[in-house]
Amino acid sequence: MWICKNKLLFKVIFSSLLLIFLISCSSDSGEKNVDQFTNTSEKVLSEKKNNNNNIVSAGKQLNVLYSDPPTLDPHRAQDSTSAGIILEIYSGLVSLDTNLQIIPDIAESWAISNDGMKYTFKIRDNAKFHNGKKITSEDFIWSFNRAANPATTSITAEDYLGDIVGVQDVIDGKTDKISGIKLIDELTLEINIDSPKAYFLAKLTYPVSFVLDSENVKNKNWTDSPNGSGPFMLDEYLIGEKLLLKRNPDWYREPAKIEYVSMNLAGGQAMAMYENGEIDLTGVGMADLERVLDPSSDLNKDVVIAPLSFSQYYIGFNVQKPPFDDKYFRQALAHAINKELIATEVLSGMVKPAYGILPPGFPGYDKTIDGLKFNEQLAKDMLAKSKYSNINDLPRIILSVPGTGGSAGLDIEVIIEMWKQTLGIEVEIQQVEWATFLQMLNKQELQFFSGLGWIADYPDPENFLDINFHSTKSTNHNGYKNEEVDKLLESARIEQDLNNRMQMYNNAERIIVDEAPWIPLWFPGDRYVLINQRVKNYKLTPMSVPKYSLVEIVD
Amino acid sequence: MWKYIVGRLVWIPFLLIAVAFITFILGRFGPGDPVEVMMGTKYDPVVAERIRSEMGLDKPVMVQFYKYIQSASKGDFGESFRFRGRSVSSLIAPKIIVSAKLSLVALLISISIGLPLGFYIAHKQGTWIDPLIVSFSVFFMSIPIMITIPFLLWIGCLKTNLVPCSGWGGIFDSRIIIPALAMGIPGVAGMLRIMRATTLDVLGQDYIRTAQSKGLHFFTVSTRHVFRNSIIPIVTILAFSLAGLLGGAFITETIMGIPGIGRFSVESIFNRDYPVIMAITLIGATAFVIANLMADISYSIIDPRIRYK
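Criteria and cut-off values
- Residues numbered from 1 in each chain as written.
- Chains lettered and ligands numbered in written order.
- Predicted model: local features only at pLDDT ≥ 70, side-chain atom pairs only at ≥ 80, totals over all residues.
- pLDDT = per-residue confidence, 0-100.
- Pairing = 2+ DSSP bridges.
- Helix = DSSP H or I, 4+ residues; strand = E, 2+ residues; numbered from the N terminus.
- Axes fitted to C-alpha atoms, helices over the stretch in contact; angles between N-to-C directions.
- Contact = placed C-beta atoms within 7 Å.
- Nonpolar A, V, L, I, M, F, W, Y, C, P; charged D, E, K, R; others polar.
- Core = buried A, V, L, I, M, F, W, Y, C linked by C-beta atoms within 7 Å.
- Buried ≥ 20, exposed ≤ 12 C-beta atoms within 10 Å, placed from the backbone.
- Right-handed = clockwise from strand over helix to strand, strands pointing away.

Draft legend 1. Region of interest: the confidence of the model for chain B. When the pLDDT values of chain B are averaged, the result is 85; 98% of them are 70 or greater. This complex was scored by the predictor with a pTM of 0.74 and an ipTM of 0.70.

Draft legend 2. Quick look at the sheet that holds strand β18 (residues 518–524) of chain A. Residue and element names in this part refer to chain A. One open sheet accounts for six strands, arranged β14-β18-β13-β17-β15-β16; its pairing is mixed. Each end of this open sheet is capped by a strand with a single partner; those strands are β14 (351–353) and β16 (428–432). The average undirected angle you get between the axes of adjacent strands in this sheet is 30°. Relative to strand β17 (residues 448–455), strand β13 (residues 311–317) is paired through six bridges, and the arrangement is antiparallel. Within β17, the residue paired with Tyr313 across the bridge is Gly453. Sitting on the sheet, helix α11 (residues 339–346) is in contact with β14 and β18, with an inclination near 165° to β14.

Draft legend 3. Expanded view of the interface of chain B and chain A. Tallying the contact residues gives 47 residues for chain B and 41 residues for chain A. Counting residues per element, the ones that place at least two in the side of chain B that touches chain A are α2 (34–39), α3 (45–55), α5 (88–123), α7 (145–159) and α14 (274–302) of chain B. For the side of chain B that touches chain A, the per-class residue count stands at 28 nonpolar, eight polar and 11 charged.

Draft legend 4. Geometry of the nonpolar core. Counting residues in each nonpolar core, the largest one holds 198 residues, and the members touching the most others are Ile86(A), Ala148(A), Leu161(A), Val261(A), Ala508(A), Ile519(A) and Ile92(B). Here this core gets 15 residues from one element, more than from any other, and that element is α5(B). Non-local contacts of Ala508(A), meaning those with residues more than four positions away in its chain, are made with Leu465(A), Val485(A), Leu488(A) and Leu489(A).

Draft legend 5. View of the sheet that holds strand β12 (residues 303–306) of chain A. All names here are of chain A. The strand order β11-β19-β12 describes an open sheet built from three strands, whose pairing is antiparallel. Whereas interior strands pair on both sides, the edge strands pair on one side only; in this sheet they are β11 (281–283) and β12. Between one strand axis and the next, the sheet turns through 30° on average, direction left out of account. Relative to strand β19 (residues 527–531), β12 runs antiparallel, the two sharing four bridges. Across the sheet, residue Ala306 finds its bridge partner in β19, namely Arg527.

Draft legend 6. Layout of unusual backbone geometry. All names here are of chain A. Note the cis peptide between Pro322 and Pro323, where omega equals 0°. Along the chain, Pro323 turns up in the loop between β13 and α10 (327–335). For Ala516, which is not glycine, the phi dihedral falls at a positive 55°. Mapped onto the elements of the fold, Ala516 is located in the loop between α17 (498–515) and β18.

Draft legend 7. The pairing of strand β15 (residues 398–402) of chain A, seen in detail. All names here are of chain A. Within β15, four of the five residues are buried, leaving the element largely enclosed by the surrounding structure. In the sheet, β15 pairs with β16 via five bridges, with the strands oriented parallel. Bridge assignment links Ile398 to a residue of β16, and that residue is Glu428. Taken together, β15, helix α13 (residues 410–423) and β16 form a β-α-β motif whose crossover is right-handed.

This is the structure:
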C-alpha cells in the first residue's frame, strides 16, 4: 500500500520535474545554437581578415549598453532609442554628419527651384540595399507612399512629410499616391512642397523619409531581417538580451571600420559593467562623478566631455488657470529662483541655468536674451503688481511631476523652498504616473508642471518655438496665446532670408521669455562620458546621427 | 475523483473570461492611453485619432472585448502596442521562460535548505539550536532584496570578480548565482517555519506515540509517519510557488539586468501595452487555477483520508 502510493507521489514529482527540465533544456539549446552561430561567424571573419588588410579594425566589435528599440520600422519609429539603431541600418536621401550638417546620402546632389518649392534629387548610381538590389527613384516613391499610408500608423508622417504636396491626402485616406512626388527617371526624383520652407531638407534626415525595399516589407515580421541601405546590417536580435549589427561591406559611402556593434539590451549597472570591461562606453552619473574626475583614478584617462544636447528642462504654467493667468505672478516666481546656486550646489554643475528658450549652439541662439534673472526685490515687486498680491487669497497651488519614484527631484524641492522663503507662497507637489501625466498634460488639466524636457528633433528654431508656443499647436501645453508671437512664428516658417528668419525667431523668443509661460530651468551642462581607450573616433553628438561607421578600434 | 477533476476543469474557461473582462475594462477605463504614451510629449489629437482608428481602439469596448476573446481563444494574443509590429506571444514567451528558470532555482534553494532544516529543528525543540536557527532565518527574510543584491554584488563581482555583475545566460551560467541566492534565501525562513510548525504538530499526535511505542526505528518513524504528514501544508505553498514562477521578480530582474517577465510586465503597464498586460494576466490566472487544482489532487495522494466527491 505504502509503496504503491509512494510511486504515485514520485510520479507526480518526477513528471513535473521532467517538464521543467524539458522547458529549460529546450531554450538552453536555443541559446547555445546562437553562441555556436556567432562563433562560426567570428571564424569566418578572422579568415576574411587575412585576405583583406585594408580594413583598419577588421573583426573588431564595439560593445555598448542599450535598450530594446520599440520598433525597427523607420516609418513607425519616433523615439531616439529606435532612431539610434535605425540610422545605422537604413538611410535616406540626405543625412546629418556628426557636426549636424546636412550631407548627401543616397542622393548625391540636389537642386532647389528659385521659388524654393521644388527639390530635384539625383540618386547615387552605386546605391544598393543590403542584398545588393539597386536603389532607384521608384523605391523612394514607394517608401514615401508607404510612410504616409494610414495603414502604416506612422506617428511622424504629418510632422516630417506633411510639407510635401499631397501627403495629407494620403494620410487622410483620400488617395494612395502622393501627388507632389514625381519620378523623372530611374535616378532622378522631384519633390514639391507646399511653400518655401527652409527646414524641409533637415526633415528629410528623419527615419520616416528613409527608403525601404518593398519586397522585404511584404514579409511577416520583416523588421527581424530588414533589407536596409545603411552602413550596418542587423545580424541578430534577441529581445531583452542583445542586438548585433554587422558591417555592410558594400556600402555606397565609405564602409564602416569595425565589424560589429554589439548592443547589450539586458540592462544592468552601467558603471560596474564599464569597469568590468563588459561595455566600451557609459555616461557618468552624479554618484560617480567625483571618483571619475579624480586625476589619480584609473578611470580618469577615459573621461570625455560630451557636447551639450539640444534640450531644455523647464517649469510650465497653464496660463489659463489661476493663479498662473497673471503674467506678473509668473514673473515673480521666475525672479525668485536662484538658478546659479541650484546648478552649482545642488546639481554639482551637471546643468547650466537657462534663461532663454533656445539652447546655446542651437541655430538662432541669441546670447543677448537675458531672461528673468534672480532678484528677490523684483520678485516681491512683481507679486505686489499682480492680482494675487494678497497671498492669502491664492488658490491651492499644485505642481505636478511625472514619475513613480517618490521625489520630484532635488532642484524642484529647492525651488519650492525658495518661493516659500522669498514670496511666502506654498506649493504642493503631486507626482503622477507617466501615462496619466501625459493624459492630463494633453487635456491641459495640470495647473503647472515640471519634470519635462524638450529635446529638439532637428536643428531649427521652429522645432523649439513654433511647436511649443504657437497657439494652435497641440504640443503647446500651456494654453499660451499671443497674437504677435503667432504672427512672428508664422512668417518665420516661410521666410527665405536666413538672417531675417532668425531675427523673427529671436523677437518671438524675447516676448515668450518675458511673458513666462515657461520658466526655463536648465540646459544640460557638461556631461561626462567614459570611453574605453581602445575605441577611437566615437563622436558624441547632441542629436541622434549615424556614427558607428566612423568608429575605429585599436588594441 | 475524476468527476471532481472534470467538474473543476469545466469552470476554468468561465473563470478566465471573467479575469479577462475585469483586466480589459480596467485598462480601457483607467487613466492613461496607449496612443498618448506612444506619442509622448509630442501628442497631436488628429494623428492620435487616426492611429486609434487603425488599431481598432475607437470601437465600443464590448466589440473590442469580443474580438479579443475570439482571437485569444485561438491562441492569438494580438500585436504589442509598444513594440510595434511584434506579436505578443513572441515577446512574452522567452521572458516567461527566463523568469521561470530563475524562480525555479531560487525555489529549489529555499526548499532544499528550508525543509530539512525545519524538520531538524522541530526535533530540537527546547534546545538552543531551535531559536538560533529560527532567528537567523527570520533575519535573512527581513532584509529587503534591494539590500541583499547590492551586497552580494559587492562581494561576488566587485571585490572578488567571481561572477559578472549582471546579465543572464540560463540556469547553467554563473550569472544566475547572485539573483537566485538573493531570491532563494529569504524564502528559506518561510519554508523552515511552516515545516517546523507542522512537524511539531505531527510529533504530538497519538499515532506517533503509538509508532514509537511499537519500537519502530527512529528513522522509520521520521520518514514514514512524521515527514509524510507534515509535508501536506507545504504542498499548497509549493503549488502556488510553482504558479508564481511565471510572475517573475521585478526588483531582481531590474537590478541584475535579467530579461524576465517581471520587469517586462511593469514596463508594459507603464506603457499601457494592453495586449501584453492581458496575455500576462491570463497566463498567470491559468497557472494559478491549475496549480490550485494540482494541490487539491496531490493532498489526496499524500493523505488517503482526504477524498473528493
